[in-house]
Amino acid sequence: MATVTEPLQTRRRAAVVASNSAWLALDTAVGVAVSLVLSVTVARSVGPDVLGVYNFANWILGAGIVVLTNGVTYGMQLFAAELLGRGDIAGVRQVLRHGLRWQIGLSLLLTLIGVASTWLFAPPQFHAALLLAVASIAPAVMVSVPAAGLGAAQAFAPNVLTSLAGVIVNLVATLAALRFGLGLAGVTGALLLSRLVDAAGGHWAWQRIRRRLERELGTTQPAADSDLDLARFNRVSFSSSLLLLIESIVWDRSEFFFLSRFSALRELAFYSLGFNIVQQVMLIPRLFTRALSANLLVERGRAPENVIRLTTDGMRYSFLISAPLLFGLVATSSPLIALLYGATYRPVASVLTVAAALTLLRGALAPVQSLLYMLEQQAFLIRWNLAVGALNIGLDFWLIPTHGAMGAAWANGIAQGVAAVGLIAFAVRRFQLAIPLGDFARAVLACVPMVIVARSLAVMLPPWAALFTGVPVGAVLYVVGLRTLGVLRPVDADRLQPIASRLPTFIRPTFGRVVSLVVGRRAGTPPLRRAL
């Protein structure tokens, strides 16, 4: 029986991850496209100096929301997923209610801080715009409660649909605001409206999923708070919040503060644009990691022995996706910035090249971070990130006053690299995590011809021609490199089978042929054809 059950469970896990990855892919694709449109439109409308002020305010609000609330959100999803793995829906409801009380208090605190800071420190001409942005804090925080429940249930479809509704509202409202000359106040008002839509939709979606789970699992008397080990919940939430505060120094643009103090506002705008492009591109491999992370949380309650192997697989696939994307940015940075933002923002190209090149290790890091969070290794994470944060601040002091945006890119990239090496080394030593270094090296080698050709086209052709020829040619060269170097193996074709069954009908045959081409064996084709 074991020989039958384990492959069946493996296929089911693969199907869940594939389904969630597909929904997240849709969310990410729309989000990246809308973010690009808004970034270009706002940047061209207000200019680099005003854009610097706007991005600095967004960074402060975003970092505050992440630091003060995401730790609680992670605690809710961690505990809810464990309880769902055991079939305890009543416990899930109690966890979310406890988390809701946390989030209400934190959102009030952050809103009061935002209002006071706006009146005390912001230039008067930006008060209206910034107060609207501060008002968007509450819905941005409150959406985390239903999102934690939906994530624990691995019900990514309703989560994505409500998120997409908010994204579309933000796009339409922002374009309308700029069209009618409402400026930054119109932009931040559109942000507030989109977050209200997202929060309302998330609450509605979770209620539907919760009622379905109660019908499937049965309802029981809700547990008392003491039965849910709230001391552990509070400890995990607090340590995760502290860790996020420290990580915001290394991962989340602490350079904004130093640029605002030591450089012109346009340097802040140049850095933020380059950094944001890299962040948007990295959402693509991260969507797979998010689906894998949700699966890991449930597997911990169901079959703990599987989590290390799943993490290794996640590192490998995440790197295979992120490496060509980052090297593609390195190769096409100049025509990309020239085409999208114009000559005024030409310095962004150099910042983008450095930021993309130094982000390479992060392509394999997200599954490791998910593993360490899940295994409650926050104590080590806090100590290590404190050390790297000190390095990051030292590099900022050294490089930013004399090199501006380029110095910020180097400081952030070096600190990220050191942080990534330390986290991976800890996971290897403590949990015997296997690192697929051979596959990493072969993936990098597969990117080399792509970079050479795309960079050459960028030099010889106009920006639009360089992009529209360099991107497809580079993609083909990467696929050929993967096959030539044998990066993908027959088992990968079987693991990709669940994705094929969830693609639109007209895409499935092409997907099957591409997978068979990359894997390099005909035997990988039949499982994909059966899924069609």
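Relevant structure appears above.
Nothing here was measured: the structure is a model prediction, and the numbers come from that model.

Enquirer: Describe in detail the nonpolar core, supporting the description with residues and values.
Expert: Counting residues in hydrophobic clusters, the biggest one holds 108 residues, and the most contacted among them are Tyr271, Tyr341 and Tyr345. Residue contributions to this core peak at 15 residues, all from helix H1 (residues 2-85). The contacts of Tyr345, once residues within four sequence positions are left out, are Ala43, Gly47, Pro48, Leu51, Phe270, Leu273 and Ile337.

Enquirer: Please provide a residue-by-residue account of the pattern of salt bridges, values included.
Expert: Going through the model one piece at a time under the given rule, you end up with 2 salt bridges. Salt-bridge contacts for Arg316 lead to Asp439; the nearest nitrogen and oxygen are separated by 2.7 Å. Here Asp439 lies in helix H15 (residues 437-460) and Arg316 lies in helix H11 (residues 307-341), a separation of 123 residues in the sequence. Per residue, the accessibility class of Arg316 equals that of Asp439, and both read buried. As a salt-bridge pair, Arg442 and Asp439 come within 2.9 Å of each other at their nearest N and O atoms. You can see Arg442 and its partner Asp439 sitting in helix H15, 3 residues apart, about one turn around the helix. A single salt-bridge network, built from bridges that share partners, covers Arg316, Asp439 and Arg442.

Enquirer: Before we move on, can you summarise a nonpolar patch on the surface with the specific residues and values?
Expert: Taken together, the side chains of Leu445, Val448, Ile452, Val453, Val473 and Leu485 present a nonpolar region at the surface, about 460 Å² in accessible area. Mapped onto the nonpolar patch, the elements with two or more residues apiece are H15 and helix H16 (463-485). On the secondary structure map, Val473 appears in helix H16.

Enquirer: Would you mind going over helix H5 (residues 144-152) in detail, with residue names and values included?
Expert: Counting buried residues along H5, 8 of its 9 residues qualify, which places the element largely inside the surrounding structure. Just downstream of H5, Gln154 is the residue with a positive phi angle, here 55 degrees.

Enquirer: Go over the environment of Val281 with me, naming the residues and quoting the values.
Expert: Following the sequence through the fold, Val281 ends up in helix H10 (residues 265-302). What makes Val281 buried here is its relative accessible area of 16%. For the pair formed by Val281 and Ala356, sequence separation is 75 residues and the distance between their alpha carbons is 9.5 Å.

Rules of the game
- Residues numbered from 1 in each chain as written.
- Predicted model: local features only at pLDDT ≥ 70, side-chain atom pairs only at ≥ 80, totals over all residues.
- Heavy atoms only, no water.
- Core = buried A, V, L, I, M, F, W, Y, C linked by side-chain atoms within 4.5 Å.
- Buried < 20%, exposed > 50% of the residue type's maximum accessible area, 1.4 Å probe, protein only.
- Helix = DSSP H or I, 4+ residues; strand = E, 2+ residues; numbered from the N terminus.
- Contact = heavy atoms within 4.5 Å.
- Salt bridge = Lys/Arg side-chain N within 4 Å of Asp/Glu carboxyl O.
- Patch = residues over 30% accessible without salt bridge, like charges linked within 9 Å, V, L, I, M, F, W, Y side chains within 5 Å.
- Areas by Shrake-Rupley, 256 points an atom, 1.4 Å probe, with all protein chains shown as cover.

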